Each structure stands twice: as C-alpha cells, then as structure tokens.
Amino acid sequence: PKTILLLDILISYCLLLIWRYLYDYIQKKANIKNKYVIVGYNETVHELINISLKSNYLNFLPMALYTQQKNIPEDVKESVQIIDSTEDFEQFIKQNDIKIFVLPIEKEHSKGIIKILFNALKNKSVFYNIPEFYELLSRKIPLGSINESWFLQNINLEGRGVFYFFKRIIDIILSLIILLITGIFWPFIAIIIKLESKGPVFFTQIREGKNGKLFNLYKFRTMKTEQNDFAPTTEKDNRITKFGNFMRVTRIDELPQMLNVLKGDMSLIGPRPERPELAIELEKEIPFYKQRLLVKPGITGWDQVSGEYHSPSIEDTYKKIQYDLYYIKNQSIFLEISIFFKTIMTVFLKLGR
C-alpha cells in the first residue's frame with residue numbers, strides 16, 4: 001500500500017502538471033476570451049478594467065462600457081468602447097455575441113437598459129455585480145463597491161466550528177514540529193544577534209488579536225536598539241542589522257511566533273496583527289478595517305502571499321484589507337493549503353520583507 005500510494009502521488013502530480021500546461025497552451029493558441037461588457041461606471045470599474053487587461057487567469061476581456069457619464073478617464077476610453085446610447089449598446093451586444101454582463105450594485109438603470117438585459121437572459125447570458133466579479137478576477141474584495149449590507153450578507157462565520165477546530169489542531173501540531181526542528185539553531189541565532197548589536201535577543205511588541213484582544217508578539221530582534229523609535233520599517237531601513245536583514249528575508253525572525261500560536265494568540269494563517277496605536281488611526285480612515293479582527297491573526301496570510309509588500313500606511317493598508325476580507329469571506333481548508341504552499345515559495349524565492 002505504501003508503494004502504491006507513493007506511485008499514485010507521483011503519477012497524479014505529473015498528470016495534473018501536464019494537464020495544466022496543456023490547458024494553458026490550448027487556451028493561448030485558440031486565443032479564447034470571455035468577452036464582457038460593463039453597465040454603469042464608478043471608480044471600481046476603472047480598476048476592474050485595468051486588472052482584466054494586465055493579468056487575468058480566467059481570460060476575461062472587457063469589450064465595452066455603457067455609461068452616460070462624461071468624465072471618463074482617458075485610459076478607460078483607450079481600453080474599451082464607450083457607449084451612451086441604448087440602441088448602440090443593443091446592437092453592440094448582438095454583433096459581438098456578448099453573454100457576460102457586469103453591473104454596479106448601487107446603480108439604477110433605465111427602462112431601456114433593463115429591457116436589453118432581460119432580453120439577454122434568453123441568450124443564456126451571465127450577470128455579475130461588481131464586487132463578485134472583481135473578487136473573481138483579483139481574489140480580493142473591492143472596498144469602494146461594498147456596503148454594510150454586502151458585508152453582513154457575505155461574511156458569515158456560522159457553521160465553521162469544525163473548520164476552526166481542525167485549524168487549531170493543525171496549528172498546534174505544526175508549530176510544535178517547527179519548534180522541535182528549529183530549536184537546536186536558536187542558541188546560535190541568539191549568539192549572532194548579541195555579537196552584531198547590543199540589546200535583547202527577542203523583540204516583543206503589543207499587537208491586536210482576535211476581537212481586539214491585546215497580546216505580546218515575539219520575534220527575533222532584527223534591528224539595532226540604539227536611537228530606535230521603533231517606527232514602522234521602510235525600504236533600506238538603516239536600523240536593520242545585516243543578520244537581521246537575512247532573518248527577515250528568510251522569515252527566520254518569525255520563528256518565535258510559534259510560541260504565540262501555541263498560546264492561542266495567533267494562528268499559522270490569518271491577517272497580520274497590527275499595533276493597536278496604528279490600528280486606531282487606520283480604523284478611522286479605512287472602511288471595515290476592524291472586521292479583520294473577526295478571526296485570529298496569522299504569521300502568514302493571503303495578503304502576505306499576494307506578491308506585494310504592504311506597509312502600515314493608509315494607502316497600503318487599504319490594499320491589504322481587500323486581501324484580508326477575501327480570506328475571511330472564503331476561509332476553507334483549500335485556501336489554507338494554498339496559502340501554506342505559496343508561503344513556502346515566497347520564502348524560497350526570497351520575496352517580500
């Protein structure tokens with residue numbers, strides 16, 4: 001049975017790999033595109049069109065935008081056809097065989113447009129609202145196009161008790177394994193840290209956890225303590241020591257957080273915990289920021305494997321919360337596994353900070 005299991009894993013992996021490359025090749029060769037049109041304009045539509053044109057694993061192609069709004073950005077006009085007449089819109093749909101329609105949820109449409117959309121139903125058309133289509137393409141939530149009603153309807157933690165139970169069991173097992181494997185190296189890490197700069201081996205900082213509960217987060221110290229106000233790090237921060245930079249790149253500095261996981265303050269996977277004094281300011285500026293505290297914070301998460309580095313600035317946190325809300329909305333064992341392996345790839349490829 002062990003030999004058969006090993007062969008099954010190897011053969012399945014090879015077949016899946018071949019299938020994925022074959023599917024990608026056929027799709028590119030056939031130039032298959034899922035053409036769609038957007039009915040109504042807002043800022044999220046602008047971002048959605050850019051996402052579709054830059055990188056889109058589902059091959060959705062924006063064809064036209066129906067709107068009577070006049071101040072449409074030039075790059076949008078260059079990317080899609082702008083239509084402001086219901087007659088022209090209906091003709092465009094027929095000529096291009098459009099079967100995918102994207103609509104802003106807050107927009108009220110004229111009787112002419114409603115008639116066109118209902119007629120499209122007979123042609124087996126598919127309709128998306130902006131938040132769900134944006135989520136489908138980018139795997140994050142558009143903060144500019146959701147409201148309280150959307151949040152209450154889509155963020156539902158009821159019925160996930162079994163998932164959280166097994167998640168906790170896995171957190172304990174994996175954190176113990178990691179501590180046992182890496183524990184032998186901790187004394188050597190401590191010696192190098194002490195030799196390179198004055199100060200303690202461990203760095204502790206108060207962070208905000210699930211439901212706003214405060215806890216002490218543990219890390220190996222990566223910065224000099226002299227003349228350090230412990231403000232958020234920046235690129236090429238001269239407070240970071242040489243070995244500290246190595247630990248950050250390889251994520252070695254995060255190892256003591258396994259103690260936080262064992263204590264139950266954190267999980268291996270979840271939104272990154274923020275400093276409470278920063279969180280107070282961010283909550284004032286960013287919608288639904290506090291709702292990221294509905295789940296335990298994590299050492300790694302959907303935002304951390306997104307390929308972007310997000311600082312605690314308002315602009316970056318706005319982007320970060322979109323990934324965090326996607327994770328909270330779509331929590332599942334499959335998403336956890338995906339984040340776990342993406343994290344391994346991120347570490348090996350030395351991405352992020």
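So, a few notes on the structure that sits alongside this text. (Residues numbered from 1 in each chain as written. Predicted model: local features only at pLDDT ≥ 70, side-chain atom pairs only at ≥ 80, totals over all residues. Heavy atoms only, no water.)

Turning our attention to the nonpolar core. Ranked by size, the top nonpolar core spans 41 residues in total, and within it F220, W302, L325 and Y327 carry the most contacts. By residue number, the principal contributor to this core is helix 13 (residues 314-329), which donates six residues. When sequence neighbours within four positions are dropped, the list of residues in contact with Y327 reads K167, I269, G270, P271, V295, W302, L335, E336 and I339. Listed in part, the 18 residues of the second largest apolar core include Y36, I49, L65 and V80. (Core = buried A, V, L, I, M, F, W, Y, C linked by side-chain atoms within 4.5 Å. Buried < 20%, exposed > 50% of the residue type's maximum accessible area, 1.4 Å probe, protein only. Helix = DSSP H or I, 4+ residues; strand = E, 2+ residues; numbered from the N terminus. Contact = heavy atoms within 4.5 Å.)

This structure, assessed with the given rule, holds 16 aromatic pairs. Considering the side-chain rings of W19 and Y23, the 5.6 Å spacing of their centres and the 55 degrees angle between planes classify their relative orientation as tilted. With W19 and Y23 both in helix 1 (residues 2-30) and four residues apart, this pair spans about one turn of that helix. Through a chain of ring-to-ring contacts, the aromatic side chains of Y36, F60, Y128 and F133 assemble into a single cluster. Between the NZ or CZ atom of K210 and the centre of the ring of Y164, over which it lies, the distance is 6.0 Å. (Phe/Tyr/Trp six-rings, centres within 6.5 Å; stacked < 30°, edge-to-face > 60°. Lys NZ or Arg CZ within 6 Å of the ring centre and 35° of its normal.)

Okay, helix 8 (residues 161-182) next. Spanning 22 residues, helix 8 covers 31 Å between terminal C-alpha atoms, matching the ideal 32 Å at 1.5 Å per step. The set of residues buried in helix 8 consists of F163, K167, D171, S175, L179 and T182. End-on, the buried residues of helix 8 take up no more than an arc of 115 degrees, which puts them together on one face. Opposite the packed face of helix 8, turned more than 90 degrees from it, sit the exposed residues V162, F165, L180 and I181. Looking at the buried side of helix 8, the elements it contacts are helix 9 (186-196), helix 11 (257-263), strand 8 (267-269), helix 13 and helix 14 (333-348). (Expected span 1.5 Å × (residues − 1). Arc of directions from axis to C-beta.)

Further remarks concern helix 2 (residues 43-54). The terminal C-alpha atoms of helix 2, which comprises 12 residues, lie 17 Å apart, in line with the 16 Å expected from a rise of 1.5 Å per residue. Among the residues of helix 2, those classed as buried are T44, V45, H46, L48, I49, I51 and S52. At its buried positions, helix 2 is contacted by strand 1 (34-39), strand 2 (60-66), helix 3 (74-79), strand 4 (100-103) and helix 6 (130-138). Looking at where helix 2 begins, the residue whose side-chain oxygen comes 3.1 Å from the main-chain nitrogen of T44 is N42. (Polar contact = N/O pair within 3.5 Å; in protein donor to acceptor, adjacent residues only side chain to side chain.)

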